[in-house]
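Listed below are the residues making up each chain.
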Amino acid sequence: MVPWEYAEQILYVDLTQRTARVEPTPLALKQRYIGGAGFVARLLADSSGARAGATPRVALATGPLSEEMAGRLALGAAWAPSRRGEGERRPVFSSMGGRMAAALKGAGYDAVVLDGELDSPGVLVIEPCGVRVLDAGYLTGLEVPDVTRELLLGAGPYWANMVLGPAAEKLVPFATMVHEGHFAGGSGVACALGTKRLKAVMVRDTQDVPARCTGCTLACPAKLTPNAGRAGDLGLDAPTADRLAAWAAALVAAGMLPKPVELLTEMAYRRGVGAIFADGEAAALERLGPEAARILPALPPPKKRGGIGVADLLGTCQRVWRERPGEVLRSALVATKGLLADVG
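Each chain has its residues counted from 1, following the order in which its sequence is written. Only residues with pLDDT of 70 or above have their local features reported here, since the model is predicted, and side-chain atom pairs are shown and tallied only from 80 upward, although totals for entire chains, interfaces and linings are computed over all residues. Only hydrogens and water are set aside; all other atoms, that is, all heavy atoms of the structure, feed into the side-chain values.

Draft legend 1. Summary view of the packing of aromatic side chains. By convention, a stacked pair of Phe, Tyr or Trp rings (six-membered ring in the case of Trp) has centres within 6.5 Å and planes under 30 degrees apart, an edge-to-face pair has planes over 60 apart, and any other such pair is tilted. Going through the model one piece at a time under the given rule, you end up with 2 aromatic pairs. On the basis of an interplanar angle of 20° and a centroid distance of 6.2 Å, the ring pair of Tyr6 and Phe39 is categorised as stacked. With Tyr6 in the segment before strand S1 (9-14) and Phe39 in helix H2 (residues 37-45), this residue pair connects regions lying 33 residues apart in the sequence. Both residues of the pair, Tyr6 and Phe39, belong to the buried class. Between Trp247 and Phe277 the ring centres are 5.6 Å apart and the planes differ by 75°, which places this aromatic pair in the edge-to-face class. Placement of Trp247 in helix H8 (residues 238-253) and of Phe277 in helix H10 (residues 274-277) is noted, with a sequence separation of 30 residues between them. The same class applies to Trp247 and to Phe277, which are both buried. Criterion for a charge above a ring: Arg CZ or Lys NZ at most 6 Å from the ring centre, at most 35 degrees from the ring normal. The ring of Tyr12 carries the charged tip of Arg21 above its face, separated from the ring centre by 4.3 Å. Of note, Lys30 hangs over the ring of Tyr6, and the distance from its end group to the ring centre comes to 5.2 Å. Only DSSP runs of H or I with at least four residues qualify as helices, and only runs of E with at least two residues qualify as strands; both kinds are numbered from the N terminus onward. Think of it in three bands: with a 1.4 Å probe and only protein chains considered, a residue is buried below 20% of the maximum accessible area for its type, exposed above 50%, and partly exposed in between.

In structure tokens, the structure reads:
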């Protein structure tokens, strides 16, 4: 394992003004929060006084051990947006494997903070030499594979791309971000990015590793579900979509719903029968009434989301942490230059 240490910079992007600034990574932030999910939690807490009506702050962060073959990117939003009202404004978190963490560290940043929103769909491009926003109007409504193909054709393979599908555009709360077969954000983070009108985030991979050449072979849970392929194309959290699809099928069989043409597509685009389920299980129950609730106990259990672990703080692969915890901790002490040993 090769420690990357810290990049010593945090990038702040104001999407409304289309401006960016870079600040040093504070020593206190590293000492108290280590990196990854710890950085995200602190950076989101700093936005607690956001003005009413603002879109939620979104933060992406690497850890001291984020590297090309086993990096993990932490993500979070100050709250999960909802078309049904603001609800409880509490932070939501997620994490993603693949090249994104290493590419972001290679571009020179420990974290990226996104405030405000674009006035039209855009792609955020992050390079060591600067930040820019590309027009993404031509990508609106496209599914994840089509967006990925367009980005590869336009920029080439030496970019780490995190793509949002139509579900995030339509503010489906269990939308996800997709990066080379890795899925994240079903907790509400992808929906928060959707409120900012972002269609993708592109980071220049300074290690020149082509797209899909990643050492992470740990299967995301989304890959292991019956509807995983279609859900991924639409940018939907597959376990959540699976449960809702099973519920809808049972309701159709009971004569309580018309048969949808293609439920997941309708769910992601908020049309037809799928629109009933596009805000999640609780909202669908309100729309369908108590009779529909009787079917729920027979369905697969809802997806349980894991908490924040050591791997999420250090920015390394969860499997590497499970298999070689001693090596990970020794590398962490080296990468943080003794900061962890000084805590306490």
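Draft legend 2. Geometry of the pattern of salt bridges. Note on definitions: salt bridges are taken to be side-chain nitrogens of Lys or Arg within 4 Å of carboxyl oxygens of Asp or Glu. Here the structure, examined in full by the defined rule, presents 17 salt bridges. Note that Arg132 and Glu127 form a salt bridge whose closest N and O atoms lie 3.1 Å from each other. The class of Arg132 is partly exposed, set by a relative accessible area of 39%. The salt bridge involving Asp279 is made with Arg270; its shortest N-O contact spans 2.8 Å. What makes Asp279 buried here is its relative accessible area of 12%. Here the salt bridges share partners, and the residues they tie into one network are Glu143, Arg230, Asp233 and Glu262.

Draft legend 3. View of the packing of H8 against helix H11 (residues 281-288). Lines are fitted to the C-alpha atoms to define the axes, a helix being fitted only along its stretch in contact, and any angle between axes, read from their N-to-C directions, falls within 0 to 180 degrees. Two numbers describe how H8 lies on H11: the axes approach to 11 Å, and their chain directions differ by 20°. As the angle between them shows, H8 and H11 are arranged roughly parallel. For the pair H8 and H11, the crossing hand works out as right-handed. In this structure, H8 uses Arg243, Leu244, Trp247 and Leu251 to contact H11, whose residues at the interface are Glu281, Ala284, Leu285 and Leu288. Polar here means any residue other than Ala, Val, Leu, Ile, Met, Phe, Trp, Tyr, Cys and Pro, which are nonpolar, and Asp, Glu, Lys and Arg, which are charged; Gly is therefore polar. Partitioning the contact of H8 with H11 into residue classes produces 6 nonpolar, no polar and 2 charged. Angular relationships are summarised with four words: roughly parallel below 35 degrees, roughly antiparallel beyond 145, roughly perpendicular across 65 to 115, and oblique for the angles in between. Two helices cross in a left-handed way if the nearer one is turned anticlockwise from the farther one by less than a right angle. They cross in a right-handed way if the turn is clockwise. The contact criterion used throughout is that any non-hydrogen atoms of two residues lie within 4.5 Å.

Draft legend 4. Quick peek at the side chain of Arg57. Along the chain, the position of Arg57 falls in the loop between H2 and strand S3 (58-61). Polar contacts, as counted here, are pairs of nitrogen or oxygen atoms within 3.5 Å of one another; within protein the pair requires one atom able to donate a hydrogen and one able to accept it, and residues that are adjacent in sequence qualify only if both atoms are side-chain atoms. Among the polar contacts made by the side chain of Arg57, one reaches the main-chain carbonyl oxygen of Leu43 at a distance of 2.9 Å. With sequence-adjacent residues up to four places away left out, Arg57 is seen in contact with Leu43, Leu44, Asp46, Ser47, Gly76, Ala77, Ala78, Val113, Leu114, Asp115 and Lys196.

Draft legend 5. Focus on the sheet that holds strand S10 (residues 177-179). Taken in spatial order, the 6 strands make up an open sheet running S8-S7-S12-S9-S10-S11, and their pairing is mixed. The strands lining the two open edges of the sheet, one partner per strand, are strand S8 (130-135) and strand S11 (182-184). Averaged over all adjacent pairs, the angle separating strand axes in this sheet is 20°, with direction ignored. The strands that helix H4 (residues 144-155) touches are strand S7 (122-127), strand S9 (159-164), S10 and strand S12 (198-204); relative to S9, the one it contacts most, it runs at about 150°. Whether two strands pair comes down to DSSP finding at least two bridges between them.

Draft legend 6. Molecular detail of the sheet that holds strand S6 (residues 111-115). Read from one edge of the open sheet, 6 strands run S2-S1-S6-S3-S4-S5, paired in mixed fashion. Pairing within the sheet leaves two strands with one partner each, and these edge strands are strand S2 (19-24) and strand S5 (92-96). For this sheet the average axis-to-axis angle between neighbouring strands, irrespective of direction, equals 15°. The sheet contacts of H2 involve S1, S3, strand S4 (73-77), S5 and S6, and relative to S3 the element is tilted by about 155°.

Draft legend 7. Region of the structure containing the pairing of S7. Among the 6 residues of S7, 6 are classified as buried, and the element is accordingly described as predominantly covered. Side chains of S7 alternate between two faces, with Gly122, Leu124 and Ile126 and Val123, Val125 and Glu127 buried alike. Two strands pair when backbone bridges link them, and S7 and S8 are joined in this way by 6 bridges, in the antiparallel orientation. Its bridge partner being in S8, Glu127 is matched across the sheet by Gly130. Between S7 and S8, which pair antiparallel in sequence order, lie 2 residues. Pairing analysis gives 5 bridges linking S7 to S12, with the strands arranged parallel. Following the sheet pairing, Val125 is matched in S12 by Met202.

Draft legend 8. Molecular detail of the environment of Ala59. By the element assignment, Ala59 lies in strand S3. In sequence terms Ala59 and Ala111 are 52 residues apart; their C-alpha atoms lie 7.0 Å from each other. Once you skip the residues sitting within four places of it in the chain, Ala59 turns out to touch Val40, Leu43, Leu44, Ala74, Leu75, Gly76 and Val112.

Draft legend 9. Quick peek at the nonpolar core. The set of buried Ala, Val, Leu, Ile, Met, Phe, Trp, Tyr and Cys residues whose side-chain atoms join them within 4.5 Å is what this entry labels a nonpolar core. Leu75, Leu114, Ile126, Met177, Leu236, Trp247 and Phe277 are the most contacted members of the largest nonpolar core, which totals 63 residues. Broken down by element, this core gets its largest block of residues, 7 residues, from H8. Here Leu114 is in contact with Val13, Pro56, Arg57, Val58, Leu60, Leu124, Leu193, Lys196 and Leu198, once residues within four sequence places are set aside.

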